[in-house]
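Coordinates in review
Residue-level listing of the chains:
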Amino acid sequence: MRPQRVFALDPLGPDELEFIEGIFRNELQLRALPLKSEEAAILAARLIGAYQSGVRDAAGLAAAAERM
């Protein structure tokens, strides 16, 4: 029997989502990416993942986006 993985993540609130969205939209503009693209979805996931991992400042999230 395989052990089950349990993830306990704090949900993101409206203020956190707004903060991440601002960085996301800025990165989309810098990269000339359309909002509805696979690259944009990957970027959004990377930003949210970095935030949930403890990166809480704009420069840190932008750096996480650069590693994409």
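For the structure itself, look to the data block above.
Presented here is an overview of the structure given in this document. None of these values were measured; they are calculated from a predicted model.

Two side chains with opposite charge may pair up if their charged atoms get near one another. For the structure on display, the rule yields 2 salt bridges. In this structure, the salt-bridge partner of arginine 25 is glutamate 21, at a minimum N-O distance of 2.9 Å. On the criterion of helical spacing, the pair formed by arginine 25 and glutamate 21 is a turn pair, its members being 4 residues apart in helix H1 (residues 14-31). A residue is classified by how much of its surface remains accessible, and glutamate 21, at 38% relative accessible area, is partly exposed.

Glancing now at the nonpolar core. Counting residues in each nonpolar core, the largest one holds 12 residues, listed as Ile20, Ile23, Phe24, Leu28, Ala40, Leu43, Leu47, Ala50, Tyr51, Leu61, Ala64 and Ala65. Those elements that place two or more of their residues in this core are H1, helix H2 (38-52) and helix H3 (58-66). Take this core: its biggest share by element is 5 residues, from H2. Tyrosine 51 has contacts with Leu12, Glu16, Phe19, Ile20, Arg56 and Leu61, leaving out every residue within four places of it along the chain.

Here H2 contains 15 residues, and its C-alpha end-to-end distance of 21 Å stays within 8% of the 21 Å for a straight helix at 1.5 Å per residue. Trailing H2 by a residue or two, glycine 54 shows a phi angle of about 115°, which is positive.

It is worth spelling out unusual backbone geometry at this point. Phi at alanine 32 takes a positive value of approximately 55°, unusual for a residue other than glycine. Relative to the assigned elements, alanine 32 resides in the loop between H1 and H2. The exposed category is assigned to alanine 32, whose relative accessible area is 66%.

The next point concerns the packing of H1 against H3. Relative orientation of the contacting elements H1 and H3 amounts to 45°, with a least axis distance of 10 Å. Regarding the angle of H1 to H3, the classification is oblique. As H1 packs across H3, the resulting crossing turns out to be right-handed. Together, Phe19, Ile23, Glu27 and Arg31 of H1 and Ala58, Leu61, Ala62, Ala65 and Glu66 of H3 make up the contact between the two elements. Its residues assigned to classes, the contact of H1 with H3 shows 6 nonpolar, no polar and 3 charged.

Basis of the calculations
Residue numbers here run from 1 along each chain, matching the order of that chain's written sequence. Thresholds applied to this predicted model are a pLDDT of at least 70 for local features of residues and 80 or more for the giving and counting of side-chain atom pairs; totals over whole chains, interfaces and linings are not thresholded and use all residues. Side-chain measures were taken over the full set of non-hydrogen atoms in the model, leaving aside hydrogen atoms and water. Between Lys or Arg on one side and Asp or Glu on the other, a salt bridge is scored when a side-chain nitrogen of the former is within 4 Å of a carboxyl oxygen of the latter. For helices the rule is a DSSP run of H or I covering at least 4 residues; for strands it is a run of E covering at least 2, with both sets numbered from the N terminus onward. Buried residues are those whose accessible area, probed at 1.4 Å on protein chains only, stays under 20% of the maximum for their type, while exposed residues exceed 50% and partly exposed ones sit between those limits. Here, nonpolar core means buried Ala, Val, Leu, Ile, Met, Phe, Trp, Tyr and Cys residues that are tied together by side-chain atoms lying within 4.5 Å of each other. Note on definitions: a residue-residue contact is assigned when non-hydrogen atoms from the two residues lie within 4.5 Å. A helix is expected to span 1.5 Å multiplied by its residue count minus one. Only the stretch in contact is used when a helix axis is fitted, and all axes are lines through C-alpha atoms; the angle between N-to-C directions ranges over 0 to 180 degrees. The cut-offs work like this: below 35 degrees is roughly parallel, past 145 is roughly antiparallel, 65 to 115 is roughly perpendicular, and the gaps in between are oblique. Two helices that cross are described as forming a left-handed crossing if the nearer one is turned anticlockwise from the farther one by less than a right angle, and a right-handed crossing if clockwise. When residue character is reported, Ala, Val, Leu, Ile, Met, Phe, Trp, Tyr, Cys and Pro are called nonpolar, Asp, Glu, Lys and Arg charged, and the others, Gly included, polar.

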